[in-house]
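Here is what each chain is made of, one letter per residue.
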Amino acid sequence: PKSCDKPLYLTFDTGHMEVAPLIADVLKRQQVLVTFFVANELTKIGDGSLGDYWAPWWRARAVEGHEFASHTWNHVYWRKDTGTAQAPSFVVRPSSGPRAGQEFVLSASEYCEEITRASARIGQVTGKAVLPLFRAPGGKTSPQLLASAEACSYAHVGWSPSGFLGDELPSERFSNAALLDKAVKGVRSGDILLAHLGIWSRKDPWAPAVLEPLIVGLKARGFCFRTLRDHPDYATVVSR
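Let us look at the structure shown here. A quick note: this is a predicted structure, and the numbers were derived from the prediction, not measured.

So, how was this worked out
- Residues numbered from 1 in each chain as written.
- Predicted model: local features only at pLDDT ≥ 70, side-chain atom pairs only at ≥ 80, totals over all residues.
- Heavy atoms only, no water.
- Helix = DSSP H or I, 4+ residues; strand = E, 2+ residues; numbered from the N terminus.
- Contact = heavy atoms within 4.5 Å.
- Polar contact = N/O pair within 3.5 Å; in protein donor to acceptor, adjacent residues only side chain to side chain.
- Axes fitted to C-alpha atoms, helices over the stretch in contact; angles between N-to-C directions.
- Parallel < 35°, antiparallel > 145°, perpendicular 65-115°, else oblique.
- Left-handed = near helix turned anticlockwise from the far one by under 90°.
- Nonpolar A, V, L, I, M, F, W, Y, C, P; charged D, E, K, R; others polar.
- 1 Å grid on protein atoms, 1.4 Å probe; cavity = no way out; pocket = protein on both sides within 12 Å on 5 of 7 lines; lining within 4 Å.
- Points joined across faces, edges and corners; volume = space filled by probe spheres on them.

With that settled, the discussion passes to the environment of His-66. Inspection of the secondary structure assignment puts His-66 in the loop between helix H2 (55-64) and strand S3 (67-70). A C-alpha to C-alpha distance of 9.5 Å links His-66 and Arg-226, two positions 160 residues apart in sequence. Apart from residues no more than four positions distant in its own chain, His-66 is found in contact with Leu-27, Val-32, Leu-33, Val-34, Phe-36, Arg-61 and Lys-128. Polar side-chain contacts of His-66 include one of 3.4 Å to the side chain of Glu-64.

What follows is the structure, given as structure tokens:
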């Protein structure tokens, strides 16, 4: 790729997937490559975001050159640490899967299995090497959780304060126009940006209205887009 003086790293977490085809069209039209953080979430159509229904969609993104990383298999939210320093464990609450909405304890190795299961499935579906990165749902972590994930070779990726694009905020209070304006003005070089492939709670969907004008507006400010494979903070992890 040609040189990029003001890189941005656009990332998408899974969601209900209804807007996924539209997002793919925009990214292709704008020639923007992104990193997808993938969990097996409930979808509006099909058998979950990592089910067979969506597999061709993911394969097509891999062919286009996008990158993939884990968002935990059951979209497992960290709630608090438990256990000991020698044998860490975590109280979690998944939003997907057979135990969605329940709080229970996972050992460090069981949490690693959550990360790895999503990585393995997206690798199987796309036929592409998955980045050794993960994003905890909600970005909620603890030093103990990060250390446990690092011990099984995963680095955590959050997002920049101005990179929170607001697609999960209630549209009654945060209009698409306001979110677009804030992002175009506020984003800085090197920022990691966060959006989703569909948010159940937002009544006025963000993606059709905001994504393309946002990309166009950021390009006009001299920004270029890269995947996390090229992010300097993760270079050593990615190249291992």
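Next, the rest of the story.
The interhelical angle for the contact between helix H3 (residues 108-126) and helix H4 (residues 143-151), taken along N-to-C directions, is 65 degrees, at an axis separation of 9 Å. In terms of orientation, H3 and H4 fall into the roughly perpendicular class. Crossing geometry of H3 relative to H4 is assigned as right-handed. Every residue of H4 that contacts H3 at Ala-108, Tyr-111, Cys-112 and Ile-115 is listed here: Leu-145, Ser-148 and Ala-149. Classifying every residue of the contact of H3 with H4 by side-chain character gives six nonpolar, one polar and no charged.

The space that makes up the largest pocket amounts to roughly 480 Å³. Around the largest pocket, the lining is made up of 20 residues, and of these Gln-31, Val-32, Leu-33, Phe-225 and Arg-226 lie nearest the centre. Of all the elements in the fold, those that place two or more residues in the lining of the largest pocket are helix H1 (20-30) and strand S10 (224-225). A total of three residues in the lining of the largest pocket trace back to one element, the largest contributor, which is H1.

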